[in-house]
Amino acid sequence: MSASLNQNTQVLPRWPRLAEVFAGEGRAWIFIGKSVLASCVAAWLAMWLRLEQPSTTMITVAIVMHPHSGMVLAKSFYRGIGTLAGSVCGLALMCSFPQQRELFLLSLSLWVALCAGGAMLYRNFMSYGFVLAGYTAAIVALPVVGNPLDVFDSALMRVSEVLLGIVVAGVVSDVVLPERLRMVLRKNARAQFARFIDFARGSTGGAIPRAAMEQAHLEFVRAAVQLEDLRASVIFEDPEARARSTRMRLLNQHYMAASTSFQSLHHLINRLQRRGRDAVADALIALYRPLGVALTPPPAQQHDPVVLMPRLRACVDALPTQAEALRAGLADEQSRLEFDTGATLLRRFATELRDFTTVEHALRAGTLHGSVERVHFRRGNDHAGAAVAVLRTFLTMITLSAFWVVSGWPFGASAMLLATIFSGLFAAAPRPFAIVFDMLIGYAAGMAMALVVEFWLLPGSDGFVMLVAVIAPFLMIGPWLGTRPRLAGMGPGFAIGFVYLLALKNPMVYDPVHALNDSIAQMIGVGLTGVAFIFVPAVAGSGWQRARQMRRLREQVVLAATAPLRGLAWRFESVSRDLFQQVAAHAGPDSAESRSLLAWALAVHECGRALIELRRELLDSAASPALQQAVEAAVHRTARLFRHPDMVRWQSADHAVQQALDACAQAGVSAVSIRPYLHQLRGALHDDESPMAAYLPPDPLEPAHVA
């Protein structure tokens, strides 16, 4: 009996893991089944409608299918736009150069290269739309380059085949056991809200270690970018998601703003404690404590915005009175200035947290009536990286074009077509050569299976049912590989290679010599794409790009200092986070580069937001011309420091900020709202745990200065 109990004790804990594994496998096989079903339905409809190449429709299904229906619809939308744009361009090029093959190939190469560059400047499936616009022009024009009169029929047929595949993939994904992306978005948004509330509640004790703040910032950035990526795809899934889209953007912007204010507040408290200003730090912690109380309802309600909203509203209303009482207990003017700076940051954080909670409540309750502020998540695009992608793709295409023209190779069009597709698809990939290599292995395996099916199994079958019975097991292999993390790169290659070489047509043509030559040409096209990535390496993830993006991240402080104020806060918060995410994705964890990136990101967010708020207060105040000039000089010299950081520029910025503080002291009441932001800026310049530590004097513990 004892042995039996021990055995049961060992077995039972494994069941949850087994259930989790089987649940994951179940989702994977549902996706595989839906992919095969969509491919077969698409093939049948293409044959019934007497389209020339049902294989094009099947390839569209293979590329568009995704486990989540929202992703399928988003991808289908941009694929449709890209297909139409590429077809029009292919038709226009052929009409412009019907008998000048060299000019036609030169123009086509330039178009495909520009589309590859466009794919680098956008995210998600908008990027894929540019890729489609590039290689659809090649799909339309290259097969009829020897007979230009057929180009219109070719364009019409390719558009019909692609759009049929899009419709079939969208219907199957949305009707057959759909997995809604909006549920993923809702779950992630609520988890993001809960984590931030918990972090804010747990930090009311005051100091947060620098390492913990850096890791929190990394998590805040990833959550904001991920939420925007999901929102951009889920809007295609249903009308409710589209109705909520504007508020989802606003929610994300309030989240980013609140996280920046939160970090700035704790940087200030930490600096005060390190400098021995315990009385001021304790007063700020005491002022902060009621916010923690407001965020601590009964455990079951701690993440409920309905409960948190009135508590936060009451806390915000009570903060000025509490601040006056605590400020009165401070002995000297310097302490009161330091306290005013912290109190300003705390009021801003509490207000933004209240607004964040209010929008979260509106989304959960569905109270979406009335107008709402329109904000946008701006991206930090890399134009130099896009230029490199244009150059690489153009060189690949023009090299193949020249070889085709000089050699008269009958299958040069196939090689160019595959090079076109994969040059665009992987232009933005961080390790394109490795991805192309995996794709090449999967592509070769898919073509080998296609040869077996086409010349051994299909000739002995009769009717569509037998066709499905023969090809369905092989159609499963690509999606199955795509669900395995280590083999995911081979999955799309296998699926495209198998369907492309199988080349189902109306009527079916069995030509082994043509199939073998076509397969060789396709392999050469894919291989040449990999070679092009060796000679003109991708910039995504490279040291050169990371250094440039770090410089662009610092230059967001210049943006905060010079750009028009309307919409500037939202633009600053989103662009700086997007740039940080791009660099962090390729920086090794716990590396010196990663630590430097985190340090600079925190400094950029604190100083950039301080400059924006300072400019707002200066605009709304009745400051004298002399005070305005002093503050503007401090703003612009701080921006110069972040553009090209060095000791001389740090000294210049520090001197300008101190002069602005002295001008505020002389201005009196008219500068009350300006002084806290200048003092915050000076504290950030003297932060011995930030990148500014390299420019501080040997003894950073300066005597207290009464402004």
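Owing to the predicted nature of the structure, the values given are computational and were not obtained by experimental measurement. (Residues numbered from 1 in each chain as written. Predicted model: local features only at pLDDT ≥ 70, side-chain atom pairs only at ≥ 80, totals over all residues. Heavy atoms only, no water.)

A. Focus on the overall build of the protein chain. Looking only at helices and strands, one finds 27 helices and zero strands in the protein chain. Relative to all contacts within the protein chain whose residues are 6 or more apart in sequence, the contacts with residues 24 or more apart total 80%. Approximately 30,300 Å² of the protein chain is accessible, and the part contributed by carbon and sulfur atoms is 62%. (Helix = DSSP H or I, 4+ residues; strand = E, 2+ residues; numbered from the N terminus. Contact = heavy atoms within 4.5 Å. Areas by Shrake-Rupley, 256 points an atom, 1.4 Å probe, with all protein chains shown as cover.)

B. Region of the structure containing the side chain of Ser414. For Ser414, the position within the fold is in helix α15 (residues 412-425). Here Ser414 falls in the buried class, since its relative accessible area comes to 14%. One polar contact links Ser414 to Asp518, side chain to side chain, over a distance of 2.5 Å. If sequence neighbours within four positions are ignored, Ser414 has contacts with Asp518, Ala521 and Gln522. (Buried < 20%, exposed > 50% of the residue type's maximum accessible area, 1.4 Å probe, protein only. Polar contact = N/O pair within 3.5 Å; in protein donor to acceptor, adjacent residues only side chain to side chain.)

C. Highlighting the layout of surface pockets. Roughly 820 Å³ of volume is contained in the second largest pocket. Considering the residues around the second largest pocket, the lining is formed by 35 residues, among which Gln53, Ser414, Tyr500, Lys505 and Asp518 are closest to the centre. The set of elements that each furnish at least two residues to the lining of the second largest pocket consists of α3 (54-64), α4 (69-96), α6 (124-141), α7 (151-175), α15, α16 (432-457), α19 (490-502) and α20 (512-535). Partitioning the lining of the second largest pocket into residue classes produces 21 nonpolar, eight polar and six charged. (1 Å grid on protein atoms, 1.4 Å probe; cavity = no way out; pocket = protein on both sides within 12 Å on 5 of 7 lines; lining within 4 Å. Points joined across faces, edges and corners; volume = space filled by probe spheres on them. Nonpolar A, V, L, I, M, F, W, Y, C, P; charged D, E, K, R; others polar.)

D. Here's a closer look at the nonpolar core. In terms of nonpolar packing, the biggest core is built from 120 residues, with Leu291, Phe339, Phe349, Leu353, Val631, Ile674 and Leu678 touching the most fellow members. Broken down by element, the residue count for this core peaks at 13 residues, all from helix α24 (residues 592-620). Beyond its immediate sequence surroundings of up to four residues, Val631 is in contact with Leu614, Leu618, Ala660, Ile674 and Leu678. (Core = buried A, V, L, I, M, F, W, Y, C linked by side-chain atoms within 4.5 Å.)

E. Here's a closer look at helix α12 (residues 305-328). Taking 1.5 Å per residue, 24 residues should reach 34 Å; α12 reaches 34 Å between its end C-alpha atoms and fits that length. Along α12, the sharpest kink reaches roughly 40°, centred on Leu319 and followed within four residues by the proline Pro320. The set of residues buried in α12 consists of Pro305, Val307, Leu308, Met309, Leu312, Cys315, Val316, Leu319 and Ala323. Its buried side turned inward, α12 meets α8 (181-202), α11 (278-294) and α13 (333-365). The backbone nitrogen of Val306 has a side-chain oxygen 3.1 Å away, supplied by the residue at the start of α12, namely Asp304. (Expected span 1.5 Å × (residues − 1). Bend = angle between axes of the 7 residues up to and from the residue.)

F. Seen up close, the packing of aromatic side chains. The full count for this structure, using the stated rule, is 16 aromatic pairs. Both rings, one in Phe196 and one in Phe262, keep their centres 6.2 Å apart while their planes meet at 65°; by these two values the pair is edge-to-face. Placement of Phe196 in helix α8 and of Phe262 in helix α10 (residues 239-274) is noted, with a sequence separation of 66 residues between them. For the pair Phe196 and Phe262, one class covers both residues: buried. (Phe/Tyr/Trp six-rings, centres within 6.5 Å; stacked < 30°, edge-to-face > 60°.)

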